[in-house]
Amino acid sequence: MPIYAYQCSACGHEMEALQKMSDTPLTECPACHASSLTKTVTAAAFRLGGGGWYETDFKSGNKKNLAGNDTSSSVSKVD
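Every residue gets a number counted from 1 within its own chain, in the order that chain's sequence is written. Where totals are concerned, whole chains, interfaces and linings use all residues; where local detail is concerned, this predicted model gives features only for residues with pLDDT of at least 70, and gives and counts side-chain atom pairs only at 80 or more. Excluding hydrogens and water, the side-chain values take into account all heavy atoms of the structure.

Novice: Kindly report on the side chain of Gln 19, identifying the contributing residues and their values.
Specialist: Under the DSSP-based scheme used, a helix requires at least four consecutive residues in state H or I and a strand at least two consecutive residues in state E, with every element numbered from the N terminus. Mapped onto the fold, Gln 19 is located in the loop between β2 (14-18) and β3 (37-40). Separated by 2.6 Å, the side chains of Gln 19 and Tyr 6 make a polar contact. Note on contacts: a residue pair qualifies if any of its non-hydrogen atoms lie within 4.5 Å across the two residues. Once residues lying within four places of it in the same chain are set aside, the contact partners of Gln 19 are Met 1, Pro 2, Tyr 4, Tyr 6, Thr 24 and Leu 26. Between N or O atoms, a polar contact is any pair within 3.5 Å; within protein, one atom must be a potential hydrogen donor and the other a potential acceptor, and residues adjacent in sequence are included only when both atoms are from side chains.

Novice: Residues and numbers for the environment of Lys 20, please.
Specialist: Summarising the element assignment, Lys 20 is placed in the loop between β2 and β3. Relative accessibility thresholds used throughout: buried, under 20% of the residue-type maximum; exposed, over 50%; partly exposed, between the two (1.4 Å probe, protein chains only). Residue class for Lys 20 comes out partly exposed when judged on its relative accessible area of 48%. Taking the C-alpha atoms as reference points, Lys 20 and Met 1, separated by 19 residues in sequence, lie 5.3 Å from one another. Not counting residues up to four positions away in its chain, the partners in contact with Lys 20 are Met 1 and Tyr 4.

Novice: Hey, could you go over a nonpolar patch on the surface for me, with residue numbers and the actual values?
Specialist: Residues Met 1, Ile 3 and Leu 18 make up a contiguous nonpolar surface patch of about 360 Å² in total accessible area. Relative to the elements of secondary structure, Leu 18 occurs in strand β2. Patch rule: a residue counts if its relative accessible area is over 30% and it has no salt bridge; like charges are joined within 9 Å, and nonpolar side chains (Val, Leu, Ile, Met, Phe, Trp, Tyr) within 5 Å. Accessibility throughout is a Shrake-Rupley quantity obtained with a 1.4 Å probe, and a residue counts as covered only by protein chains that appear here. Think of a salt bridge as a Lys or Arg side-chain nitrogen and an Asp or Glu carboxyl oxygen that are within 4 Å of each other.

Novice: Residue-level account of the packing of aromatic side chains, with values.
Specialist: By convention, a stacked pair of Phe, Tyr or Trp rings (six-membered ring in the case of Trp) has centres within 6.5 Å and planes under 30 degrees apart, an edge-to-face pair has planes over 60 apart, and any other such pair is tilted. Within the structure shown, the criterion is met by 0 aromatic pairs. Counting as a charge over the ring demands two things of the Lys NZ or Arg CZ atom: a distance within 6 Å of the ring centre and an angle within 35 degrees of the ring normal. The ring of Tyr 4 has Lys 39 sitting right over it, with the charged end atom 3.9 Å from the ring centre.

Novice: Explain the sheet that holds β2 residue by residue, including any values.
Specialist: Whether two strands pair depends on DSSP finding at least two bridges between them. Pairing within the open sheet is antiparallel, and its 3 strands lie in the order β2-β1-β3. This sheet does not close on itself; its edge strands, each paired only once, are β2 and β3. The sheet shows a mean angle of 40° between the axes of neighbouring strands, taken without regard to direction. Where strand β1 (residues 3-8) and β2 come together, 5 bridges link them in antiparallel fashion. Its bridge partner lying in β2, Ile 3 is registered against Leu 18. For helices, the fitted line uses only the C-alpha atoms of the stretch in contact; every axis is such a line through C-alpha atoms, and the angle between N-to-C directions lies from 0 to 180 degrees.

Set out below in structure tokens:
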């Protein structure tokens, strides 16, 4: 379930709520009880970087590793 950030436009109270995507957005502020809560835009809590799975999965032949030809790896193969 995603965590949504809310801010009250009446009193400025900020909060986070763990909700299902199908849940209706919260509107009542728990601090001042006004119906002025709005969702705020926040940054993702994680970042996919480097030559991760999205880089190499579902590719075949010479299309793999398009980001770079770095053959070194921190994981060594065991035969």
